[in-house]
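What follows is each chain in one-letter form.
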Amino acid sequence: MKLLIYTAVWKRPEITEICFMGLKRLGYPALAVISEVDMIPLCEKYGVQWVMHENHPLGEKKNAGLERAREMDFDFLIEIGSDDLILNELINQYKRFFVKYDFFGVCDAAYINSETLECRREQSETPYGAGRAISKRALELMDYELWPKANRGLDKHSLNKLYNKGIKYWQIPPIDYPLVIDIKGPVNLWKFNRSKGVKYDINEIFLRISPEEVNAIKCLRQVYKSESLIER
């Protein structure tokens, strides 16, 4: 099964680099749609292919990235945010879905507050955009356009758009631990929320990612503490 990991990148280079470390751990080809020249060296450092597009509206930017994906050789595209990590076990869980369905994902994720390393786990009744897999057949049916020219509500819109074309979303059942990790930083559409989900032991995540990723996550507190001392 040929997989392509796809992400849209904007600001927060320290967290984006952790995301790219996760891509290196997974070992699959990756494509990023970026909006800043400063991100090119980071993409090249981790072997991430890239395409440039303005950041607003975000939906248009993500569609532009899909246009580049149109030219690439893959069976399924797995979408993540540039602040997300997916565990290797996610791919194992997906194996039986790859041969049956065109569109599927998870409803279970952990969230890390990069400034405090607080961690929470949430199992949602609605599908997450992070970690969802879409077949090339489905993307071709959509002519590689999933999102509206908007900045919010993108996951729901793409879900409905695929459904209207006869592509149903399937959800894999949760296991003992979350398979998608979202690292919340200062620049996020959705901030870390202590009232959502339940407290989760961050060490359970550290056991399942590379030492390189663990060290970089632990360093985030100091990175953002130092930034807060800089006079603007």
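Residues numbered from 1 in each chain as written. Predicted model: local features only at pLDDT ≥ 70, side-chain atom pairs only at ≥ 80, totals over all residues. Heavy atoms only, no water.

Enquirer: Explain the overall build of the chain here, please?
Expert: Helix and strand counts for the chain come out as eight helices and 12 strands. Per-residue burial for the chain yields a buried fraction of 54% across its 232 residues. By element, 50% of the accessible surface of the chain is carried by carbon and sulfur atoms, the whole surface being about 11,500 Å². Across the chain, the mean location of the 34 positive side-chain charges is 3 Å away from that of the 33 negative side-chain charges. (Helix = DSSP H or I, 4+ residues; strand = E, 2+ residues; numbered from the N terminus. Buried < 20%, exposed > 50% of the residue type's maximum accessible area, 1.4 Å probe, protein only. Areas by Shrake-Rupley, 256 points an atom, 1.4 Å probe, with all protein chains shown as cover. Lys, Arg positive; Asp, Glu negative; His and termini not counted. Charge placed at Lys NZ, Arg CZ, Asp CG, Glu CD.)

Enquirer: Help me out: how do you make sense of the pattern of salt bridges in this one?
Expert: Applying the stated criterion to the full structure yields 18 salt bridges. When the shortest N-O distance is used, the salt bridge between E67 and R70 registers 2.7 Å. Given a relative accessible area of 33%, R70 falls into the partly exposed group. Salt-bridge contacts for E118 lead to R194; the nearest nitrogen and oxygen are separated by 2.7 Å. Of this pair, E118 sits in the loop between β7 (108-113) and β8 (119-123) while R194 sits in the loop between β11 (180-184) and β12 (198-199), and the two are 76 residues apart along the sequence. On the basis of relative accessible area, R194 is assigned to the exposed category, the value being 52%. Look at the salt bridges and you will find they share partners, linking K62, E79 and R132 into a network. (Salt bridge = Lys/Arg side-chain N within 4 Å of Asp/Glu carboxyl O.)

Enquirer: Just checking my understanding: could you explain the environment of R194 for this structure?
Expert: C-alpha of R194 to C-alpha of Y111: the two residues are 83 residues apart in sequence and 9.8 Å apart in space. With near-sequence residues (within four places) excluded, R194 lies in contact with N113, E118 and R120. Within the structure, R194 has its side chain in polar contact with the side chain of E118 (distance 2.7 Å). (Contact = heavy atoms within 4.5 Å. Polar contact = N/O pair within 3.5 Å; in protein donor to acceptor, adjacent residues only side chain to side chain.)

Enquirer: Explain a nonpolar patch on the surface to me, please; I cannot follow it from the model alone.
Expert: A grouping of V37, W50 and M52 is seen on the molecular surface, where their side chains present a nonpolar patch of about 270 Å² in accessible area. As for its position among the elements, V37 is in the loop between β2 (30-34) and α2 (40-45). Classification of V37 by relative accessible area gives exposed; the value is 59%. (Patch = residues over 30% accessible without salt bridge, like charges linked within 9 Å, V, L, I, M, F, W, Y side chains within 5 Å.)

Enquirer: Explain the pairing of strand β1 (residues 3-8) to me, please; I cannot follow it from the model alone.
Expert: Strand residues, when the strand is regular, have side chains that alternate between the two faces of the sheet. The element β1 is largely enclosed, with a buried count of six among its six residues. Residues L3, I5 and T7 point to one face of β1 and L4, Y6 and A8 to the other, with burial holding for every one of them. Note that β1 and strand β4 (residues 76-81) share six bridges and pair parallel. Note on β4: the bridge partner recorded for T7 is I80. As paired elements, β1 and β2 share four bridges and run parallel to each other. For T7, the partnering residue across the bridge sits in β2 and is A32. Each parallel crossover has a hand, and the one from β1 via helix α1 (residues 13-26) to β2 is right-handed. (Pairing = 2+ DSSP bridges. Right-handed = clockwise from strand over helix to strand, strands pointing away.)

Nothing here speaks to function; it is all geometry.
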